[in-house]
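Residues per chain, in single letters:
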Amino acid sequence: MSVRPRRRRTVGGIRTAIGALVVALAAASAVALPAAPAEAAGAKVVYLTFDDGPSPAYTPKVLTVLARYGVRATFFQIGQNVAAHPSLTSQVAEQGHSVQNHTWSHPDLRKLSGAAVDSQVRSTDRAIRARTGRTPTCLRPPYGAVNGTVRSRAAALGKQVVLWSVDPADWSRPGTAAIRSRVLDNVRPGSVILLHDGGGDRSQTVAALPAIISTLKARGYGFATLCG
Ligand SMILES: [Zn+2]
């Protein structure tokens, strides 16, 4: 299966590269993704992703920064947060971002039955579709935790499993400077950058974002969405 990124601000050739970025990894602990394909395709792009929202405290602030820089991103939202703050999900989609599935209640899917995995994914699909008019094509399992059941259920539901390749652990609040440097020191063409707009105090993430984006732009990167 292939994934179709929205490419409003990116160069051509990305489409074929995305397949390698979006992988159902065999090992639950593995999070690294190959970055070479996008580079080989001539595209110097990165993919900003925001997990665990929508959050009334932080999602609007993230959207403001993204809009200021004209950058689009991918939001892996939690279904119960969508249900609690549906207008925020609408707002994210209306601003051209990709809204994707991060399960209903953020469980470790490896600990659930196949039927329960299905329920987590389907209920979140419904909530997102109701606000965006689009059914998510991608699933990011909480904690990056996947096993055979998760992979097979995701495939049966038509979902690509999307993890990440750059993780600054912003959720642990290491400081704005640490978030910034962990991203900028590790990014390369095709990187999928994991950040969070929900699940706790994300003020450091919001504060780090302008410098991350402006530095990447200065390095010649474009920004694309996943799973559009
Ligand atoms: Zn999460």
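Just so it is clear, the model here is predicted, and its values are computed rather than measured. (Residues numbered from 1 in each chain as written. Predicted model: local features only at pLDDT ≥ 70, side-chain atom pairs only at ≥ 80, totals over all residues. Heavy atoms only, no water.)

**Q** Can you explain the pattern of salt bridges? Please cite residues and give values.
**A** Evaluated as defined, the whole model comprises four salt bridges. With a closest N to O distance of 2.8 Å, Asp125 and Lys159 form a salt bridge. Within this pair, whereas Asp125 is found in helix α6 (residues 114-132), its partner Lys159 is found in the loop between α7 (148-156) and β5 (160-161), the two being separated by 34 residues in sequence. Comparing Asp125 with Lys159 shows no difference in burial state: the two are buried. (Salt bridge = Lys/Arg side-chain N within 4 Å of Asp/Glu carboxyl O. Helix = DSSP H or I, 4+ residues; strand = E, 2+ residues; numbered from the N terminus. Buried < 20%, exposed > 50% of the residue type's maximum accessible area, 1.4 Å probe, protein only.)

**Q** Go over the state of the cysteines, please, and point to the residues and values.
**A** Cysteine pairs can be linked by a disulfide, which is a covalent bond between their two sulfur atoms. Evaluation of the coordinates by the stated rule reveals one disulfide. Across the disulfide from Cys138 sits Cys227; the S-S distance is 2.1 Å. Residues Cys138 and Cys227 share a disulfide whose torsion about the S-S bond is about -100°; that sign makes it left-handed. Of this pair, Cys138 sits in strand β4 (residues 138-139) while Cys227 sits in the segment after β7 (222-223), and the two are 89 residues apart along the sequence. (Disulfide = S-S within 2.5 Å.)

Interpretation in functional terms is not warranted from these geometric data alone.
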